[in-house]
Amino acid sequence: MNQDVGFLAHNELQSLLDVLQGAGYRCIGPMVRDGAIVFDELSSVTALPQGIRDRQRPGEYRLTETDSPRYFAWANGPQALKPLVFAPQESLWSCERDAQGTMRFTITQPDHRPTAVLGVRACDLAALYIHDQHFLQQAYPDPYYLARRQQMLLVAVNCTHPADTCFCASTGDGPQARYGYDLVLTEQDDGFVLEAHSDLGKQQMQALPLQPVTQHQLQQVEADMQQSARVQQRRLPSRNLNQALFANLHHPRWAEVAERCLSCGNCTSVCPTCFCHTSTETPAISGELSIHQREWDSCFTPGHSYIHGLTLRADTAKRYRQWLTHKLGSWHDQYGRSGCVGCGRCVTWCPVGIDITEEAAAICGQPAEQGAST
Amino acid sequence: MSAASGELYLPHEAEIVERIQESPSLITLRLRFTDPAVQARYQFEPGQFNMLYLYGVGEVAISIVSDPRDAQIVDHTIRIVGRVTQGMARLRTGDRIGLRGPYGRGWPMQAAERHDVVVVTGGLGCAPVVSVINYIAQRRERFGHLNIVQGVKHSDDFIWRERFDQWRELPDTTVLLAADQGSALWPWHIGRVTDLFDHLVFDPQQAMVMMCGPEGMMHVVIKHMQEAGIAPSHLWLSMERNMQCALGHCGHCQYGSRFVCKDGPVFCYEQVASLFDVKGF
């Protein structure tokens, strides 16, 4: 049997968790909470969303139960890997001050437990790669992000059930996981085709009760991936919109979308690549200790562009333009690719259903083409 | 500062050696690290900034105005306008604050050597270019003619009169002042700074222009300087944006594809021309 590929029956899925836990990993996986699929600590496959389907449309996300034996018959929830490496809120350092006013600064050591994540989609792997570039591969690598990132083992799941809001095929990031993971599962009705993509992944595979994979099962993986790309109806008008967006900074569509946009920042919270964060300070009531933190922020807030008495982006049109021209435009100059991985979360979780593909097409003067690409 | 260090975000304690009330809304804090080893290895360039930390309140990005040669005491001129700076205004000599830095890219002082230099500032203080003037003053022989042009809205906004008088005494130096609105005690020009440009002394083929102030003002200055024959590659400006992490991570100072905190705050006009003066960026 090829050591890098095997078949894991549905009733053996628990062994994967057992192996990872036995190797010292805290396991994180998808589960249903508050009507959404979220990632949290997972010790048993019984917590996985077996039989759950998601219905996603602009401004709408609903889960339904089915009789399907599949654990991963859904597209994505509101979270990606972002909260696991770039914490929504964390302490960076603290300052102790004594009665004489002397200050002592102490770095907060980041949590860096070995963590295995089960159920990572291709779009989220692409987003993680982008965050690696931002937080680690620039002049000042971020030590807090690095500590968590170095300890991650990633078990990807090839996406066989894209949502109506997904367009990863047009950004080139999915639905098939192609890089950045240790193991990948492609689910079929009776189990998973399991492939290893790293030495670490191969090590874990050796302890699993795998069956030889059949030619038919491999062909089915290929067919499922093609189908998964084909059913995606949305697409960005181009993979590089940098020039087109900056040539249209005064397009009337910015004002039009601002009429609908609530400036709520949901899109930036659910976006797996948005990295903006703000500094906050939490002084203790004793007056002797203050904790310096960072927490996620959004370019849709007035405070984001505040400078000494002036808010540079005082209205929603300027904020939406800032977000879109960065995400789809200047991100290319910064990191060599678009900041959008086609996960569609910003479309689903926008309370008024603003669709990034539609806005990009309108502003860049191209019709939002229907049908799959690539 | 080591790029791989876990201490990138960590301030060091500094003592206020002297506090100067420049005007009702402007103070200068002269700071020295309390750890002599930290002070000994601290180096900076004109145009760079530090993150100053007020206990329990937070950090703020402030330009360094002193000279790199005098690294034993680092001066910051602070406009009292926000939550952190209002708290800092209440500090006194001997009080402690946090300091991390220096950050950013400063003025092209080496490239400017042997060139005429035109420093144009608008508004209050313009601390980022005070460091340029001080730098040239201390190395006067290395530079060509120095032009210092300061514009204020109202003559009452003008500070540092003594300092400008001292600069006026420097060899081969022209100092020009303008106020949109003057008063009986304003002996200089009433009008815009650009009205004074005919009086500048520079060779347009090689002069370097360094400016800071409101972007609308800089936009007008850039237009005039280009009309005077100065190439865009010789126009330099200091940008202001919300800077929180100072490391290019937090995204607040994003300006097109650049982070002002690490790619600036000083930019060559060529780098920012496409977005300059487009409202909202």
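The sections below set out a description of the structure shown in this document.

Here is what the cut-offs are and how they apply
Chains are numbered independently. Their residues run from 1 in the order of the written sequence. Chains and ligands are labelled sequentially in the order written, the chains with letters from A and the ligands with numbers from 1. This being a predicted model, a pLDDT of at least 70 is required before a residue's local features are given, and a value of 80 or more before pairs of side-chain atoms are given or counted; all residues contribute to the totals for chains, interfaces and linings. Side-chain measures were taken over the full set of non-hydrogen atoms in the model, leaving aside hydrogen atoms and water. Here a cavity denotes a set of grid points, spaced 1 Å apart and computed over the protein atoms alone, in which a 1.4 Å probe fits but from which it cannot get out, and a pocket denotes an open set meeting protein on both sides within 12 Å along at least five of seven lines; residues with an atom within 4 Å of a point are reported as lining. Grid points are joined across faces, edges and corners, and a volume is the space filled by probe spheres set on the points. Segments assigned H or I by DSSP are reported as helices when at least four residues long, segments assigned E as strands when at least two residues long, and all are numbered from the N terminus. Here the term charged refers only to Asp, Glu, Lys and Arg, the term nonpolar to Ala, Val, Leu, Ile, Met, Phe, Trp, Tyr, Cys and Pro, and the term polar to all other amino acids, Gly among them. Paired strands, in this sense, are two strands between which DSSP finds at least two bridges. Here an angle of 0 to 180 degrees is reported between the N-to-C directions of two axes, which are lines fitted to C-alpha atoms, with helices fitted over the stretch in contact. In what follows, a contact means two residues having at least one pair of non-hydrogen atoms within 4.5 Å. Just to be clear on terms, a salt bridge is a Lys or Arg side-chain nitrogen sitting within 4 Å of an Asp or Glu carboxyl oxygen. Here a polar contact is taken to be a pair of N or O atoms separated by no more than 3.5 Å, where protein atoms must pair a possible hydrogen donor with a possible acceptor and residues adjacent in sequence count only if both atoms sit in side chains. Pairing of aromatic side chains here covers Phe, Tyr and the six-membered ring of Trp, requires ring centres within 6.5 Å, and sorts the geometry by plane angle: under 30 degrees stacked, over 60 edge-to-face, intermediate tilted. The rule is simple: take the accessible area with a 1.4 Å probe, protein chains only, and divide by the maximum for that residue type; under 20% is buried, over 50% is exposed, in between is partly exposed. A ring is considered to have a charge above it if a Lys NZ or an Arg CZ atom is located within 6 Å of its centre and within 35 degrees of its normal.

**Considerations on empty space enclosed by the protein**
All names here are of chain A.
At step 1: Going through the model one piece at a time under the given rule, you end up with eight cavities of 30 Å³ or more.
At step 2: The volume enclosed by the largest cavity comes to roughly 140 Å³.
At step 3: Forming the walls of the largest cavity are 15 residues, and the residues nearest its centre are C261, C267, Y320, C350 and I354.
At step 4: Looking at the lining of the largest cavity, the elements that each hand over two or more residues are α10 (266–270) and α11 (316–335).
At step 5: By residue class, the composition of the lining of the largest cavity is 13 nonpolar, two polar and no charged.
At step 6: Volume-wise, the second largest cavity comes out at about 120 Å³.
At step 7: Forming the boundary of the second largest cavity are 14 residues, of which C274, C276, C299, W323 and H326 lie nearest the centre.
At step 8: With five residues, the top contributor of residues to the lining of the second largest cavity is α11.

**Considerations on the sheet that holds strand β1 (residues 5–9) of chain A**
Residue and element names in this part refer to chain A.
At step 1: Read across the sheet, seven strands follow the order β1-β11-β10-β9-β8-β2-β3 without closing on themselves; strand pairing throughout is mixed. The two strands at the open ends of the sheet, each matched to only one other strand, are β1 and β3 (36–41). Averaged over all pairs of adjacent strands, the angle between their axes in this sheet comes to 25°, without regard to strand direction.
At step 2: With five bridges connecting them, strand β8 (residues 115–120) and strand β9 (residues 152–157) associate as parallel partners. Along β9, the bridge assignment pairs V120 with A156.

**Remarks on the interface of chain A and chain B**
At step 1: Listed per partner, the contact involves 53 residues of chain A and 43 residues of chain B.
At step 2: In this structure, the connection of chain A to chain B is made through zero salt bridges.
At step 3: Between chain A and chain B we count 23 residue pairs in polar contact (both at pLDDT 80 or more) in total.
At step 4: Contributing elements (two or more residues each) for the side of chain A that touches chain B: β6 (89–97), β7 (103–107), α3 (122–136), α4 (143–149), β12 (277–283), β13 (289–296), β14 (306–307) and α11 of chain A.
At step 5: Top contributing element to the side of chain A that touches chain B by residue count: α11(A), with nine residues.

**Description of the packing of aromatic side chains**
At step 1: Throughout the structure, instances matching the rule amount to 30 aromatic pairs over all chains.
At step 2: Pairing A:F86 with A:W296 gives two aromatic rings, centres 5.9 Å apart and planes at 35°, and the pair type is tilted. Of the two residues, A:F86 sits in the loop between α2 (82–85) and β6 while A:W296 sits in strand β13, which places them 210 residues apart along the sequence.
At step 3: With a relative accessible area of 1%, A:F86 lands in the buried category.
At step 4: A connected cluster of aromatic rings, assembled from ring pairs, spans B:F158, B:F164, B:W167, B:W186 and B:W188.
At step 5: In this arrangement the basic side chain of A:R121 is found over the ring face of A:W74, its NZ or CZ atom lying 4.3 Å from the centre.
At step 6: Sitting above the plane of the B:W160 ring, B:R163 keeps its charged end 4.2 Å from the centroid.

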